[in-house]
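Residues per chain are reported as follows:
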Amino acid sequence: MTSPARFTILSLFPEFFSGPLTCAQMARATEAGLLEVRLVNPRDFSTLRHHHVDDRPYGGGPGMVMQAEPLAAALAKAEDDNTERGVPRGRRLVMAPSGRPLTQALARELARDVCSGLPLTLVCGRYEGIDERLIETEGLEPVSVGEAVINGGEAAALCVLEAVARLIPGFMGKEESGDDESFSAGLLEYPHYTRPEVYRGLPVPEVLRGGAHAAVAKWRRRASLARTLARRPELLAQAELDGDDVEFLRATHLGAGRPASLGRSLFICLLHHPVLDKAGKPCTVSLTNLDIHDMCRVSRTYELGGVFIATPLSDQRELGERLLGHWTEGAGGRVNPDRAEALRLARMVESLEEAILRVTEMAGVAPRVLATSARTHQRPPRGRKPRPLTFTSWPRVRGWLAEGPALLVLGTGHGLAPEVFQKAHAVLPPLRPFAAYNHLPVRAAAALLVDRLLGDTM
Ligand SMILES: C[S@@+](CC[C@H](N)C(=O)[O-])C[C@H]1O[C@@H](n2cnc3c(N)ncnc32)[C@H](O)[C@@H]1O
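Remember, predicted model here, so these are calculated numbers, not experimental data.

What is the right way to look at the site of the ligand in this model?
Around the ligand sit 19 residues in total, of which Met95, Glu128, Gly146, Ala148 and Ile150 are the nearest. Between the ligand and valine 145, the relevant distance is 3.0 Å, taken from a nitrogen atom to a main-chain nitrogen or oxygen of the residue. For the ligand, the accessible surface in isolation is 580 Å², of which the surrounding protein chains cover 81%. Where the shell around the ligand is concerned, the elements lending two or more residues are strand E5 (91-101), strand E7 (141-144) and helix H6 (153-165). Tallied by class, the residues present in the shell around the ligand amount to 10 nonpolar, 7 polar and 2 charged.

Would you take a moment to explain the packing of helix H15 (residues 394-403) against helix H17 (residues 442-454) for this structure?
For any two helices packed against each other, the geometry is given by the interaxial angle and the distance between the axes. Two numbers describe how H15 lies on H17: the axes approach to 9 Å, and their chain directions differ by 75 degrees. Relative to H17, H15 is oriented roughly perpendicular. Mapping the contact onto sequence places Trp394, Val397, Arg398 and Leu401 in H15 and Leu449, Arg452, Leu453 and Leu454 in H17. Residue composition of the contact of H15 with H17, grouped by class: 6 nonpolar, no polar and 2 charged.

Explain the pattern of salt bridges here, please?
Working definition: two side chains of opposite charge can pair if their charged atoms are close together. Scanning the entire structure with this criterion turns up 23 salt bridges. Put simply, glutamate 36 and arginine 38 hold a salt bridge, and the shortest N to O gap is 3.5 Å. By relative accessible area, which is 17% here, glutamate 36 ends up buried. The partner of arginine 92 in a salt bridge is glutamate 138, with the nearest N and O atoms 3.0 Å apart. Highlighted residues: arginine 92 in strand E5 and glutamate 138 in helix H5 (residues 132-138), separated in sequence by 46 residues. Through salt bridges with shared partners, one network takes in Arg6, Glu36, Arg38 and Arg85.

Can you help me understand the nonpolar core in this one?
Soluble globular proteins tend to bury their nonpolar side chains together. Counting residues in hydrophobic clusters, the biggest one holds 36 residues, and the most contacted among them are Leu266, Ile268, Leu408, Leu410, Val450 and Leu453. It is H17 that provides the largest number of residues to this core, a total of 7 residues. Discounting chain neighbours no more than four positions away, the residues touching isoleucine 268 are Met295, Ser299, Leu304, Gly306, Val307, Phe308, Leu407, Leu408, Leu410, Ala446 and Val450. Residues Phe7, Leu110, Ala156 and Phe171 belong to the second largest nonpolar core, which totals 29 residues.

Can you walk me through the domain arrangement of the protein in this structure?
Where interface size is given, it is often the accessible area lost as the parts come together that is meant. Parsing the protein into structural domains produces domain 1 (5-165), domain 2 (198-254) and domain 3 (262-454). Centre-to-centre, using C-alpha coordinates, domain 1 lies 38 Å away from domain 2.

The rules behind each value
Residues numbered from 1 in each chain as written. Predicted model: local features only at pLDDT ≥ 70, side-chain atom pairs only at ≥ 80, totals over all residues. Heavy atoms only, no water. Near = heavy atom within 4 Å. Polar contact = N/O pair within 3.5 Å; in protein donor to acceptor, adjacent residues only side chain to side chain. Areas by Shrake-Rupley, 256 points an atom, 1.4 Å probe, with all protein chains shown as cover. Helix = DSSP H or I, 4+ residues; strand = E, 2+ residues; numbered from the N terminus. Nonpolar A, V, L, I, M, F, W, Y, C, P; charged D, E, K, R; others polar. Axes fitted to C-alpha atoms, helices over the stretch in contact; angles between N-to-C directions. Parallel < 35°, antiparallel > 145°, perpendicular 65-115°, else oblique. Contact = heavy atoms within 4.5 Å. Salt bridge = Lys/Arg side-chain N within 4 Å of Asp/Glu carboxyl O. Buried < 20%, exposed > 50% of the residue type's maximum accessible area, 1.4 Å probe, protein only. Core = buried A, V, L, I, M, F, W, Y, C linked by side-chain atoms within 4.5 Å. Domains from an automatic or database assignment.

Take a look at the structure:
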């Protein structure tokens, strides 16, 4: 790289950067001509008395808001200076808790830009933030450094600057590289050890002392996988894994440290009454063989506590008992023991009330009743306006499952009747809430709902 990677930071407190930019690698990279950081203070561009740059928010509320004009003038001056030096315009980020998260992928993207000669501008907010019209009219890209609010954009800009700068060739020196670091392969980094060989009775892992290259690489890969599973399991969904990785993760997950399955707290009730018909009137729907099989298989896969098939019609309950008997203790169960294992979770019951009673007996405490709906509003009696449903959140329900039993109620026909919502403690949000077509079969909905609540993260 012939010219340095260029950064411009707009900040009301340029002195904030004097420490970080004048020590360690940042200072060395600047001296070596790898890096150039310009600091511009928007206060210098205020045309107001006392160089004010903020004012009260429209609409009221606490705090002050940074005005657009001084920031726009500071941006224009910084870019004019670059143009005079033959430097083209590059990306401009504004530090904001509501922005796109700073990730290693974004850092790499930005590093590619600065290494190809495009400058990077970082705008730091203060107070309550910046007048939104500056962000809109200048096309600034909001970037966040975490889901916590800090005093100002300076510390955030420094994070972006360091994350990008250390990817500039030559910045880290030959012996170091970003290739193995956390997030580089979508995983957290393995742990490090140095001398002494034994510290407070803890030895360095044997394999790392042996120095066999392939064995060390394998140990590190597994340590990365185990650490990611323990600390940030959601990252595994994005990581590129092979079959050995997945086997290792499964064994680790099933090993000693595995938390008790939340699934045991969850029960399903498939209601055939009271549900709505096409016209929105309460009705009773007949059993569907496939629903029973598939809901039981889902429940066994996710280790649920049980499945209740509720119908007030005694002949339908008898039919259900015969079917369950065939697939558990009868001929079906003998030829297909896997199916028997799943269908043993099912019980025929008369009503939702009976299902609640059965769960209470099994769990020793009454379950939270969770209604489900594909709709956003309750279907009203004729002549009345539809009433919006109030939904709980997925994380809240996961929290409830850790505390005690819950009964997930699914309706056949055209969904649960209004009286079921009245009995429920909470309503789960619809699946695919933004889709125009939302008519999932009840057994598919059950599988998706259960996976949202209990699914593995990869
Ligand atoms: C006190 S904060 C304003 C917070 C704002 N009222 C809100 O609730 O989103 C002042 C400035 O700090 C910066 N800032 C605070 N937290 C940040 C974060 N997590 N990521 C990036 N910038 C942040 C932004 O530039 C922001 O304009």
